[in-house]
Amino acid sequence: KEVIMPEIKESIVIKSPVSKVFELVTNPANWSRYVTNLVDVKGMSPDIPARGSTFTYQYKMMGFKFEGKGTVTENVKDKSFSLSFESVVPIKEGYEFLDRGNSTEFFFYLEFGIPGPMGAIFDNRLIEKLSVMDAKNILEKIKAMCEWS
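Residues numbered from 1 in each chain as written. Predicted model: local features only at pLDDT ≥ 70, side-chain atom pairs only at ≥ 80, totals over all residues. Heavy atoms only, no water.

(A) Structural detail: the pairing of strand S6 (residues 80-86). Of all seven residues in S6, six are buried; the element is thus mostly enclosed. Hairpin connection, strand S5 (residues 64-76) to S6: the antiparallel pair is bridged by three residues, and Asp78 has positive phi, about 60°. Where S6 and strand S7 (residues 91-100) come together, six bridges link them in antiparallel fashion. Residue pairing across strands places Ser82 opposite Gly94, the latter belonging to S7. Here S6 folds back onto S7 in antiparallel fashion, the turn holding four residues. (Buried < 20%, exposed > 50% of the residue type's maximum accessible area, 1.4 Å probe, protein only. Helix = DSSP H or I, 4+ residues; strand = E, 2+ residues; numbered from the N terminus. Pairing = 2+ DSSP bridges.)

Put into structure tokens, the structure is as follows:
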């Protein structure tokens, strides 16, 4: 049985144009630079980051390392981008970009499930707290990467 965690939503204002923020977030070379627990991305299909393109990845959570297959599930230029990660811990990540002139209002959504026996091992409240911290960390990293480059 899979335990579905509540969706985590966080946002931040970045002092960079929406096109710059979108380009940074959708470039696979940057994913492991701002996604806290993403160790490696490889095996990318040639059309990445187009919707439906795929990749393989390594992800670390609470000291455990997982491998899986990822898919770009949405890519609307300068508006939205989302990914799904299929592994022991299924994850859905989404990003929304709102143009505010010389800045971008940037939203991050995270949803995941803890399947079967792993759900019994991990405390859901602890995982949710860690995930909120990760989401805030991701936003701060993206903000710094955009504003300092």
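(B) The pattern of salt bridges, seen in detail. Across all of its chains, the model carries four salt bridges by this definition. Close ionic contact of Asp40 with Lys42 constitutes a salt bridge, the shortest N to O distance being 3.9 Å. The exposure class of Asp40 is partly exposed, given its relative accessible area of 29%. Using a relative accessible area of 41% as the deciding quantity, one classes Lys42 as partly exposed. (Salt bridge = Lys/Arg side-chain N within 4 Å of Asp/Glu carboxyl O.)

(C) The arrangement of the packing of aromatic side chains in detail. Applying the stated rule across the entire model yields eleven aromatic pairs. Between Tyr95 and Phe106, the ring centres sit 5.8 Å apart and the planes meet at 15°, which makes this aromatic pair stacked. Taken together, the positions of Tyr95 in strand S7 and Phe106 in strand S8 (residues 103-115) put the pair eleven residues apart, joining distant regions of the chain. A relative accessible area of 1% places Tyr95 in the buried class. Among the residues examined, Phe106 registers a relative accessible area of 0% and is labelled buried. Cluster of aromatic residues (ring-pair linked, three or more members): Phe22, Trp31, Tyr34, Phe55, Tyr57, Phe81, Phe85, Tyr95, Phe97, Phe106 and Phe108. (Phe/Tyr/Trp six-rings, centres within 6.5 Å; stacked < 30°, edge-to-face > 60°.)

(D) Region of the structure containing the environment of Leu83. Position of Leu83 among the secondary structure elements: in strand S6. On the basis of relative accessible area, Leu83 is assigned to the buried category, the value being 3%. Placed 29 residues apart in sequence, Leu83 and Thr54 show a C-alpha to C-alpha distance of 9.4 Å. Excluding residues that lie within four positions of it along the chain, Leu83 makes contacts with Trp31, Phe55, Thr71, Val72, Thr73, Ile91, Lys92 and Glu93. (Contact = heavy atoms within 4.5 Å.)

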